[in-house]
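# Analysis of the macromolecular model
These are the residues of each chain, in order.
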Amino acid sequence: MSPPCHTSALLLVFMALAVAGAEQSEERSCDVVGDESSESQMERALLKKLEPLSHMRFNVTVEKGKTENYIYHFRVCREVNSTSHDFGGLVQTDRQNGKTTVIGRINETQVFNGSDWIMLIYKGGDSYGRHCSGEKRRAVIMISCKRGVTASSFSIISEEREKEQECFYLFEMDSSVACPAENSHLSVGSILLITFLSLIAVYIIGGFLYQRLVVGAKGMEQIPHFAFWQDLGNLVADGCDFVCRSKPRNAPAAYRGVGDDQLGEESEERDDHLLPM
């Protein structure tokens, strides 16, 4: 093989390995049951809401006597074991013999919610043996609202396998992603007050900078519309004086100067007794 052909073959091999590695590193996510066109906006919104939990792994151990000793592995919208490519989102491992059983697969997902919970269902698990008419297993995970907690308290509630059909494994966990959006605690009056104060701050600061930098004002003249506010203050003072005056408007002043009209008549007392006899 000539050197150019050898180089081209190596490049093709490296490209194939890179593509395979990229496909393996990209984890599969939940696929809602049915055609893509039938997926509702609500289901897509809920799957996006659960996305913060997709990088977490959850395990719970169940031991019932000597015959049942299992570990349940769960991931939200991701495969528990991405190398097996079995779409297993919830997998059971028998601790006695190491056998694994897929309880539910992420490529057959259902999701819906209530006011403070989200229900995630994985269908298409491995078939039952002697139970439930041999139908495929199904995992139901109830995610309840708990504020301040990303995810906790993953546990199994029960396994319903004594029926002929519609058997399921029921799990529960707590997470803040299931909580409704918190309403604003600010009233309409508070919002209006904050807006009003913000506008006043912008007016004062902006007006001050304009008067100082553009007009070149100094001292009190830097206050925007200083003459207007000064006149307004005088008008307010006059109005307060008019409304709050405690004496009649025609009452004489407390002190008046002495005029000629206030002088009494000249005393008629005479000093005749002082004249010589």
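Residues numbered from 1 in each chain as written. Predicted model: local features only at pLDDT ≥ 70, side-chain atom pairs only at ≥ 80, totals over all residues. Heavy atoms only, no water.

Under an unreviewed UniProt entry, the name given to the protein is Cation-dependent mannose-6-phosphate receptor, and the source organism is Tichodroma muraria.

Another aspect to go through is the overall build of the protein. Across its full length, the protein holds 4 helices and 8 strands. Helices and strands appear in the protein in the N-to-C order α-α-β-β-β-β-β-β-β-β-α-α. Sorting the 277 residues of the protein into buried and exposed places 25% on the buried side. Expressed as a percentage of contacts within the protein between residues at least 6 apart in sequence, the contacts between residues at least 24 apart total 49%. Roughly 19,800 Å² of accessible area belongs to the protein as shown, and the carbon and sulfur atoms make up 57% of that amount. (Helix = DSSP H or I, 4+ residues; strand = E, 2+ residues; numbered from the N terminus. Buried < 20%, exposed > 50% of the residue type's maximum accessible area, 1.4 Å probe, protein only. Contact = heavy atoms within 4.5 Å. Areas by Shrake-Rupley, 256 points an atom, 1.4 Å probe, with all protein chains shown as cover.)

Bringing the pairing of strand 2 (residues 68–75) into the picture now. Counted residue by residue, strand 2 has 6 buried out of 8 residues, so it is predominantly covered. For strand 1 (residues 57–64) and strand 2, the ladder comprises 8 bridges, and the chain directions are antiparallel. Among the inter-strand pairings, Val62 is bridged to a residue of strand 2, identified as Tyr70. Linking strand 1 to strand 2, which pair antiparallel, is a turn of 3 residues; within it Gly65 sits at a positive phi near 65 degrees. Across 5 bridges, strand 2 lies against strand 3 (residues 88–94) in antiparallel orientation. Among the inter-strand pairings, Tyr70 is bridged to a residue of strand 3, identified as Asp94. (Pairing = 2+ DSSP bridges.)

With that out of the way, let us pick up the state of the cysteines. Evaluated as defined, the whole model comprises 3 disulfides. With a sulfur-sulfur separation of 1.7 Å, Cys132 is cross-linked through a disulfide to Cys167. Between Cys132 and Cys167, the S-S torsion sits near -100 degrees, and that sign places the bridge as left-handed. Separated by 35 residues along the polypeptide, Cys132 in the loop between strand 5 (117–124) and strand 6 (139–145) and Cys167 in the loop between strand 7 (152–160) and strand 8 (168–175) bring together distant segments of the chain. The class of Cys167 is buried, set by a relative accessible area of 1%. Sequence-ordered numbering of the bonded cysteines in the protein gives a pairing of 1-2, 3-5, 4-6. (Disulfide = S-S within 2.5 Å.)

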